[in-house]
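Now for the letters of each chain:
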Amino acid sequence: MEAEIETEDLFLKKGKFDDWKDIFENLWRYQESARYMLWTAIKTEDEARERMKRVIEWQKNHLEYLVYEKKSRQAIGFAGMEEIKAGVYEDTGIAIGPKFVGQGYGKQILTALVNDCFWIRKAEKFICSCRSENIASKKMQISCGFEYCYSEKRIDIRNGREYILEFYELLKTN
């Protein structure tokens, strides 16, 4: 089993089915949390249980984690990354529920993913992206030392609308 990642206030680890209620209550039911992501908010506990089954299956073969707040012991979000080419990792999304935003958790998560990539996986570069209108995400990435690289037009698969995805990168320094 893959080791969990720990920060000052959080654990990132593979989800368990019993987490479905926490992640539903704290994240998945909020449209505002899904706004800049490629998933949609869900409305029912049955949908949450089904999504949790898919998440667990997906996490088996991917560097994807649920985010747990140490203080409450609840699943409050998710985060992930993937190796896109040798020595280069990219985030696959970071999301935390609305009542946990503004506490520095996003920065802790991104820093933990970067540290895992650079020091455990021996990567040389980490890439992040966010929608151009997602000001909070941009600020967080820049505060973690990332620098803007380029932008791409994308289509939101949920509604067919065009958006601009901005890419930021951080190079490993010895």
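Values in this document were obtained by computation on a predicted structure and should not be read as measured data.

(A) Looking closely at the sheet that holds strand 2 (residues 10-13). Pairing in this open sheet of eight strands is mixed, and the strands run 1-2-3-4-5-6-8-7 from one edge to the other. The open sheet is flanked by strand 1 (5-6) and strand 7 (147-155), the only strands paired with a single partner. Packed onto the sheet, helix 5 (residues 135-143) meets strand 6 (125-131) and strand 8 (162-171) and runs at close to 160° relative to strand 6.

(B) Just the pattern of salt bridges, in detail. Going through the model one piece at a time under the given rule, you end up with 13 salt bridges. The closest approach of N and O atoms between lysine 138 and glutamate 166, which form a salt bridge, is 3.4 Å. Of this pair, lysine 138 sits in helix 5 while glutamate 166 sits in strand 8, placing them 28 residues apart in sequence. The class for lysine 138 is buried, based on a relative accessible area of 16%. With a relative accessible area of 11%, glutamate 166 lands in the buried category. For arginine 158, the salt bridge identified is with aspartate 156, shortest N-O distance 2.7 Å. For arginine 158, a relative accessible area of 26% corresponds to the partly exposed category. Connected through salt bridges with shared partners, the residues Arg131, Asp156 and Arg158 form a single ionic network.

(C) Inspection of helix 5 at higher detail. Among all positions of helix 5, only Ser137, Lys138, Met140 and Gln141 are buried. On an axial view of helix 5, the arc spanned by its buried residues comes to 165°, and they lie on one face. Turned more than 90 degrees away from the buried face of helix 5 sit Ala136 and Lys139, all of them exposed. Contacts made by the buried residues of helix 5 are with helix 4 (105-120), strand 6 and strand 8.

(D) How the structure looks around the packing of aromatic side chains. Enumeration according to the criterion identifies four aromatic pairs in this entry. Judged by centre distance (6.0 Å) and plane angle (75°), the rings of phenylalanine 126 and phenylalanine 146 are edge-to-face. Highlighted residues: phenylalanine 126 in strand 6 and phenylalanine 146 in the loop between helix 5 and strand 7, separated in sequence by 20 residues. Residue classification places phenylalanine 126 among the buried residues on the basis of a relative accessible area of 0%. For phenylalanine 146, a relative accessible area of 3% translates into the label buried. Over the face of the ring belonging to phenylalanine 11 we find lysine 13, whose NZ or CZ atom lies 5.7 Å from the ring centre. Positioned over the ring face of tyrosine 68 is lysine 13, at 4.9 Å from the centre of the ring.

(E) Quick look at the packing of helix 1 (residues 20-28) against helix 3 (residues 45-59). In contact at an axis separation of 9 Å, helix 1 and helix 3 are set at 110° when each is read in the N-to-C sense. When the axis of helix 1 is compared with that of helix 3, the two are roughly perpendicular. Contact residues: Trp20, Lys21, Ile23, Phe24, Glu25 and Trp28 in helix 1; Glu45, Ala48, Arg49, Arg51, Met52 and Val55 in helix 3. Grouping the constituent residues of the contact of helix 1 with helix 3 by class yields seven nonpolar, no polar and five charged.

(F) Representation of the pairing of strand 7. When strand 7 meets strand 8, the two strands line up antiparallel, connected through eight bridges. Its bridge partner lying in strand 8, arginine 154 is registered against tyrosine 163.

(G) Local environment of helix 4. In this model, helix 4 (16 residues) spans 21 Å end to end at C-alpha, consistent with the 22 Å of a helix rising 1.5 Å per residue. Every buried residue belonging to helix 4 is among Tyr105, Gly106, Gln108, Ile109, Leu110, Ala112, Leu113, Val114, Asp116, Cys117 and Phe118, and all of these are buried. In the stretch just after helix 4, lysine 122 is the one whose phi turns positive, near 60°.

What counts and how
Residues numbered from 1 in each chain as written. Predicted model: local features only at pLDDT ≥ 70, side-chain atom pairs only at ≥ 80, totals over all residues. Heavy atoms only, no water. Pairing = 2+ DSSP bridges. Helix = DSSP H or I, 4+ residues; strand = E, 2+ residues; numbered from the N terminus. Contact = heavy atoms within 4.5 Å. Axes fitted to C-alpha atoms, helices over the stretch in contact; angles between N-to-C directions. Salt bridge = Lys/Arg side-chain N within 4 Å of Asp/Glu carboxyl O. Buried < 20%, exposed > 50% of the residue type's maximum accessible area, 1.4 Å probe, protein only. Arc of directions from axis to C-beta. Phe/Tyr/Trp six-rings, centres within 6.5 Å; stacked < 30°, edge-to-face > 60°. Lys NZ or Arg CZ within 6 Å of the ring centre and 35° of its normal. Parallel < 35°, antiparallel > 145°, perpendicular 65-115°, else oblique. Nonpolar A, V, L, I, M, F, W, Y, C, P; charged D, E, K, R; others polar. Expected span 1.5 Å × (residues − 1).

Worth remembering: the numbers are spatial, not functional.
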